[in-house]
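Coordinate inspection notes
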Amino acid sequence: MTESFLHYIWQFQYFKKDDLKTSEGEVLEIFNPGIRNEHAGPDFSEAKIKIGKLEWRGSVEIHINASGWSDHHHDTDQAYEKVVLHVVWQNDKPLQRTDKSVMPTLELKDRVDLMYWDRYKKLFTSVESIPCSGRWPGVPEITKLAMIERTLLRRLEHKAVAVKAILSNNSNDWDETCYNLLMRNFGFKVNAAPMGQLAEVLPYKILLKHIDKTSQVEALLFGQAGFLGKAADDDYTVVLKREYRLLSSKYNLEERRMNAVQWRFLRMRPANFPTVRLSQVASLLTAQKNLFSKIIECLSYPDLVKLFTVETSTYWQHHYQPGKKSKSIVSSLGKASIENIMINTVAPMLVAYAQFHDEQIFIDRAVEILQHVPSEDNKIVREWSNLGFRVTSAFDSQGLIELYNDFCMKRRCLECAVGTYIIKS
């Protein structure tokens, strides 16, 4: 037996209610089981029950054994003074409150159909990464879609928390925060950390002062990243080095300059080199001044795609690294990269902005964006596709990734609409 299973049984009231009495023999009526508490304190709050002739409003605490109350030191915790009912699988020990009155206790051991427990055990002990994989095809589509929408919103909220943490560090400056997020995103996992560091040692407010001159923006980015020090001299790198020397002196950047060894190139396609990504960042920032405001103002997905579709400067169309000419044309920011930015930067930022300003419309817009972006293709998404689920958009894939990571892998089947359907069906 597990407490999480008992929480499920109590929350949905899946136990026999006939001749319901406390362990002390008093007639018990349950009007409202209460609201599940995810934080410290009793398991359910705002419950409404009747014991004997008295109605009670308060908290409900749940344990496998009644002795869990004292084992968990609730008898000395003021937060548990408002508990009106102790729900247990087995009442192995009579309890008293601090005023010596008897703690009303409901024992569930003989009131729960063990079919529920058997079904839950099969899910909880499954060796499959998706516990319900064998039953998934039989679950109604509406149940699956409702859970995917729930986990998608949950994933967006988790990402929004990270956005708001960056925003707080930037003194609530949304332009600086947008720049920070974009830089990390352009690192595409492998170089996300150094990209994030570069955004910290080279603030957007400095770049903004030179945003009308591409060579100065590129000099600041490549110079502060540490790529100009040993770069071979050609006409353009000479210009970049000169510009960086002047600007780094002006803004006291030299002491915070990064080292080229911090960046990863090994086993990467040249198109994904961090130097190429920096050239794309430079092009985006110079082409779209006040980028954050433009993102907020975009009302459609095509408008957002158009916003991020920019050409790199002429030099970077023929170079993968400073001073080294490529044999082929270097592509600009591609469709897949733009879609990645939509998923990992634009949508979370819109949700954070919505929460910060209490404007639901931006959450709706974030969800709509993900409905237009094609689904990601990764190991987790393929597992769901193999179960016969048609994953068509990032709305689906992001929701399914969150469902997999936060519910399936943690065996939180009792908190999943699909799991609860299977258990009670």
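Structure shown above.
Reading the values: the criteria
Residues numbered from 1 in each chain as written. Predicted model: local features only at pLDDT ≥ 70, side-chain atom pairs only at ≥ 80, totals over all residues. Heavy atoms only, no water. Helix = DSSP H or I, 4+ residues; strand = E, 2+ residues; numbered from the N terminus. Rg over C-alpha atoms; globule rule 2.2 N^0.38 Å. Buried < 20%, exposed > 50% of the residue type's maximum accessible area, 1.4 Å probe, protein only. Contact = heavy atoms within 4.5 Å. Areas by Shrake-Rupley, 256 points an atom, 1.4 Å probe, with all protein chains shown as cover. Axes fitted to C-alpha atoms, helices over the stretch in contact; angles between N-to-C directions. Parallel < 35°, antiparallel > 145°, perpendicular 65-115°, else oblique. Left-handed = near helix turned anticlockwise from the far one by under 90°. Nonpolar A, V, L, I, M, F, W, Y, C, P; charged D, E, K, R; others polar. Phe/Tyr/Trp six-rings, centres within 6.5 Å; stacked < 30°, edge-to-face > 60°. Pairing = 2+ DSSP bridges.

What to know about the overall build of the protein chain
When its secondary structure is counted, the protein chain shows 17 helices and eight strands. Compactness check: the protein chain gives a C-alpha radius of gyration of 29 Å against a globular reference of 22 Å for 425 residues, more than 25% above the reference. Counting all 425 residues of the protein chain, 52% fall into the buried class. Within the protein chain, residue pairs in contact and separated by at least 24 positions form 60% of the contacts whose partners lie at least 6 positions apart. With the model as given, the accessible surface of the protein chain reaches about 20900 Å², and the carbon-plus-sulfur share is 50%.

With respect to the packing of helix α4 (residues 141–169) against helix α5 (residues 174–186)
Where α4 contacts α5, the axes come no closer than 9 Å and their chain directions differ by 125°. Between α4 and α5, the angle is such that the two are oblique. Between α4 and α5 the crossing geometry is right-handed. Together, V163, I166 and L167 of α4 and W174, T177, N180, L181 and R184 of α5 make up the contact between the two elements. Considering only residue class, the contact of α4 with α5 consists of five nonpolar, two polar and one charged.

A word on the packing of aromatic side chains
In total, this model carries 28 aromatic pairs according to the counting rule given. Ring centres of Y14 and Y116 lie 5.3 Å apart, and the angle between their planes is 15°; this geometry places the pair in the stacked category. With Y14 in the loop between α1 (3–12) and β1 (28–32) and Y116 in helix α3 (residues 114–124), the pair connects residues that are 102 residues apart, well separated along the chain. In this structure, Y14 and Y116 share a single accessibility class: buried. Centroid distance W136 to W384: 4.8 Å. Interplanar angle 50°. Geometry classified as tilted. A residue pair is termed long-range when its members are at least 10 positions apart, and W136 in the loop between α3 and α4 and W384 in helix α15 (residues 379–386) qualify at 248 residues. The pair W136 / W384 is uniform in exposure class, with both members buried. An aromatic cluster of three or more residues is present, and its members are F222, F227, Y236, W263, F265, F273, Y315, W316 and Y320.

Focus: the pairing of strand β4 (residues 54–65)
As paired strands, strand β3 (residues 44–51) and β4 are joined by six bridges and run antiparallel to one another. Paired with A47 across the bridge in β4 is G58. As consecutive antiparallel partners, β3 and β4 are separated by two residues, and within that stretch G52 has a phi angle of approximately 65°, a positive value.

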